[in-house]
Amino acid sequence: MRSLINILDLTTAEIDKMLDTADDIIANPKKYSEVCHGKKLATLFFEPSTRTRLSFEAAMYELGGNVLGFSEAQSSSAAKGESVADTTRTVCCYADIIAMRHPKEGAPLVASMNSTVPIINAGDGGHNHPTQTLTDLLTIRRKKGKLSDFTIGFCGDLKFGRTVHSLIQALSRYENIKIILISPNELKVPSYIKHDVLRKNGIEYKQTTDLESVLPELDVLYMTRVQRERFLSEEEYIRLRDSYILTREKLKIAKESLTILHPLPRVNEISVDVDDDPRACYFEQALCGKFVRMALIMELLGIHLD
Ligand code: NCD
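## Comments concerning the pairing of strand 8 (residues 220-223)
Burial along strand 8 is two-sided: the face carrying V220 and Y222 and the face carrying L221 and M223 are both buried. Here strand 5 (residues 150-155) pairs with strand 8 via four bridges, running parallel. Bridge pairing links G153 to L221 in strand 8. When strand 8 meets strand 9 (residues 259-261), the two strands line up parallel, connected through three bridges. Each bridged residue has a counterpart across the sheet, and for Y222 the counterpart in strand 9 is L261.

## Looking at the site of the ligand
Near the ligand you find T52, R101, H129, Q132, R162, T163, R225, Q227, P263, L264 and P265, and these make up its full shell. The side chain of Q132 places a nitrogen or oxygen atom 3.2 Å from a nitrogen atom of the ligand. Measuring from a nitrogen atom of the ligand, one finds a backbone N or O atom of P263 at 2.9 Å. Within the complex, the protein chains bury 94% of what would otherwise be the 310 Å² of accessible surface of the ligand.

## What to know about the environment of E72
Relative to the assigned elements, E72 resides in the loop between strand 2 (66-70) and helix 3 (84-91). A relative accessible area of 45% means that E72 is categorised as partly exposed. Between the alpha carbons of E72 and T208 there is a distance of 37 Å; along the sequence they are 136 residues apart.

## Examining the pairing of strand 3 (residues 97-102)
Every regular strand shows the same layout, with side chains that alternate between the two sheet faces. In terms of residue burial, strand 3 counts as a mostly covered element, since six of its six residues are buried. Burial along strand 3 is two-sided: I97, A99 and R101 and I98, M100 and H102, pointing in opposite directions, are all buried. Where strand 3 meets strand 4 (residues 119-124), four bridges bridge the pair, whose relative direction is parallel. Bridging from a neighbouring strand, M100 pairs with N121 of strand 4. Regarding the hand of the β-α-β motif, the stretch spanning strand 3, helix 4 (residues 107-113) and strand 4 is right-handed.

What counts, and at which threshold
- Residues numbered from 1 in each chain as written.
- Predicted model: local features only at pLDDT ≥ 70, side-chain atom pairs only at ≥ 80, totals over all residues.
- Heavy atoms only, no water.
- Buried < 20%, exposed > 50% of the residue type's maximum accessible area, 1.4 Å probe, protein only.
- Helix = DSSP H or I, 4+ residues; strand = E, 2+ residues; numbered from the N terminus.
- Pairing = 2+ DSSP bridges.
- Near = heavy atom within 4 Å.
- Polar contact = N/O pair within 3.5 Å; in protein donor to acceptor, adjacent residues only side chain to side chain.
- Areas by Shrake-Rupley, 256 points an atom, 1.4 Å probe, with all protein chains shown as cover.
- Right-handed = clockwise from strand over helix to strand, strands pointing away.

What follows is the structure in structure tokens.
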């Protein structure tokens, strides 16, 4: 029985295979339409979500399976004081696989230690978001044709942005990736990302507060939202929320071949006038999320077609 708590729980070969499966699902959806017949996915979401929860649910339906769950802590027994461990032990009686999002870092790990079915971390606080990373990798690979030899800029809230932490961890295992970290000084990546991931793996990286000065170098630009819900002070959030706003005008200096990603939801950081630019890939990215989650559910349930 396997869970996905951190993206590094998967080997590079396993990730590459999962992306291959996702590509095959996109090309031959009918082949996969009944493979999870009789299986149930539980989505336990203790925090708001649109894309992650709905793409998990759509993924399970498109595999011929069924879905149960809750979309807010208030409608579950967590509101009565139940622990994550007890909730997990209970849901294992009803479902074959569980996707969990929780505001507390480590909650899905606790769930996996109390589970008889695979647990998928669908985002834990400001820590990790491995299935968004699979989504991002699939999108980059479909756009660039490979997962090596590019320069990627991460821009925005790199401190609390869990999607950034997981994607940097994943990219640290591919060849010739250069990373540019663009954030206000208050929202730099946590030191473990710098020391245990970037430096330890000898990844070429630099830090800056100025997006425009590095924009022409980038092959991929990964924009992020300032994570309001993780701030202790609303005033601090208001001061930092509009640090970066990508506009069509600013993109004039960027490469023609740039791929613009954003895990979404966007607030102000990408102006809507960018949406029609052929370099804007964030809604396509949201679509990739469904296919890669189909591949992940199959893998964790041990369903192999070939
Ligand atoms: C992200 C998240 O939940 O961390 N959203 C998502 O899953 N696509 C990004 C965010 O909320 O800013």
